[in-house]
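# Residue-level structure breakdown
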Amino acid sequence: MPQPLLASAAASTASGDTAWLLAAAALVLLMAPGLAFFYGGMVRSKSVLNMMMMVFGALAVVMVVWVLVGYSIAFGDDLGGGLLGDPTQYAGFKGMLEADPDAAYPITIFAAFQGLFAVITVGLIAGAIADRTRFGTWLVFAGLWTVLVYAPVAHWIFDFSAGDHVGGWMANKLGALDFAGGTAVEINSGAAGLAAALVLGRRVGFGRDPMKPHNLTLVMVGAGLLWFGWFGFNAGSALAANNTAAIVFVNTLLAGCTGLLAWLAVERFRDGHATSFGAASGVVAGLVAITPSCGSVTPIGAMVVGIAAGAICALAVGLKYTFKYDDSLDVVGVHLVGGLVGTIIIGLLASSDVTSVDGLLYGGGADQLGKQLVAAGATLLYSFTATAILVWVLEKTIGFRVDPEHEVAGVDLVIHAETAYDLHVTGGARPHFGPGTGSMHP
């Protein structure tokens, strides 16, 4: 092929990859309001606005912190041991704004894409401590947790060594596989949610008062938006519009489907009913588990991942009543447990038809399984410990939990001076029907 045609083909490929990454980033952004709807419907009506504000607040704070220092910690040159990137290297996106003619896409859109992963991860934690936290302290927590927990773990697993650049220990020294965030996003948020819930304590009336989802329509809408956005989350992590992205797209779709069916099957046999709440939860459980494994398993493997996650998570959400920890919206049961399932199952179901190794059930031995266990365990331990310390310090200094009477009254009204639903006539003359017309007159 003549040189001008080669250059034209390369430019076309780069443009296509850039367009896909732009679209994928927008899809991940949509997951934030999707999560707000999903969580908002799950809480009681007196705290729905606060729950949604926690997610939107995380979006704002985390992205600002990510540009200032988070991206550099996650993807800067390693400072030693594969633990931390240089926080000054890309601070404020320094040195990232000039176009690189040899790059497949602008580095700025990759950085924004990765920042939105951090947004979703922090937003997920909010569900574990719903109904009982101060909004201002939550915003402080969101910024600090991004720097102290999310960015380091992202460096461990997402930052690959290339040329003179040295990345994180999980990806490069250990050789663990995590295509789109089973460790950095799912296990990380689940372990953090558990730590925060334990430090802050149970809600007033937990185990005694009914705390059912107040609006299942919102839950279903939120689940649908999350599923839609998840295609950007997973397939976008291919970082190219290519065959890998296509396989990941299919795997993401299938795992959501089988996750839904497996959760409903557990509900039907255990409780006698298949519920809309269970359907929404099953979709999310399947998507959580396929997040790390979507680039490692075949479509049949993806269906197995979804079945395993849907069934196991449906059982795991009841653990909070057994062990009496108040994980308000089942972040532990779905994201921690689902993340563990999806990360570890790579060691069993990985296929060399899709990735670089075979798992145990494909004749690859137990080596990859061991690596996955180490990655999952290290993430869980670090996130739980660091989060517990951070939440404890914030509670003891500026206060993290609202007063009990404010919690009972409802955090929407106390913190935001708003209510989600105005169902009462607040003023004006009493209406009456006109004689013989059936019409209403003031």
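Computed from a prediction, not measured in an experiment: that's the story for all the values here. (Residues numbered from 1 in each chain as written. Predicted model: local features only at pLDDT ≥ 70, side-chain atom pairs only at ≥ 80, totals over all residues. Heavy atoms only, no water.)

### What about unusual backbone geometry?
For Asp 330, which is not glycine, the phi dihedral falls at a positive 65 degrees. As for its placement among the helices and strands, Asp 330 is situated in the loop between α11 (319-323) and α12 (331-344). For Ala 417, which is not a glycine, the phi torsion comes out positive at approximately 55 degrees. Summarising the element assignment, Ala 417 is placed in the loop between α16 (411-416) and β1 (432-433). (Helix = DSSP H or I, 4+ residues; strand = E, 2+ residues; numbered from the N terminus.)

### Side note on the confidence of the model for the protein
Taken residue by residue, the protein gives an average pLDDT of 93. The fraction at 70 or more is 93%. Note on residues 1-10: pLDDT under 50 across the span, and one contact to partners over four residues away in sequence or across chains. A low-confidence stretch, residues 428-442 (pLDDT under 50), is modelled with 11 contacts involving residues beyond four sequence positions or located in other chains. (pLDDT = per-residue confidence, 0-100. Contact = heavy atoms within 4.5 Å.)

### A short note on the nonpolar core
Considering soluble globular proteins, one finds that nonpolar side chains tend to be buried as a cluster. With 113 residues, the main nonpolar core has Phe 38, Tyr 39, Trp 138, Phe 141, Trp 145 and Tyr 150 as its most contacted residues. Tallying contributions element by element places helix α2 (residues 48-75) first for this core, with 14 residues. If we skip the residues at most four places from it in the chain, Phe 141 touches Ile 125, Thr 387, Leu 390, Val 391, Leu 394 and Phe 400. Judged by nonpolar contacts, the second largest core, of six residues, contains Ile 187, Tyr 325, Val 332 and Ala 376. (Core = buried A, V, L, I, M, F, W, Y, C linked by side-chain atoms within 4.5 Å. Buried < 20%, exposed > 50% of the residue type's maximum accessible area, 1.4 Å probe, protein only.)

### Considerations on the pattern of salt bridges
The final tally for this structure, using the stated rule, is nine salt bridges. Here Asp 131 ties to Arg 203 by a salt bridge, and the two come within 3.0 Å at their closest N and O atoms. A residue pair is termed long-range when its members are at least 10 positions apart, and Asp 131 in the loop between α3 (107-126) and α4 (135-158) and Arg 203 in the loop between α6 (182-200) and α7 (216-235) qualify at 72 residues. In this pair, the class of Asp 131 matches that of Arg 203, namely buried. One salt bridge in this structure joins Arg 203 and Asp 326, with 2.8 Å as the shortest N-O distance. Note that Arg 203 is positioned in the loop between α6 and α7 and Asp 326 in the loop between α11 and α12, a separation of 123 residues in sequence. For the residue pair Arg 203 and Asp 326, the accessibility class agrees, reading buried in each case. Among the charged side chains, a network of salt bridges with common partners joins Arg 44, Asp 131, Arg 132, Arg 203 and Asp 326. (Salt bridge = Lys/Arg side-chain N within 4 Å of Asp/Glu carboxyl O.)

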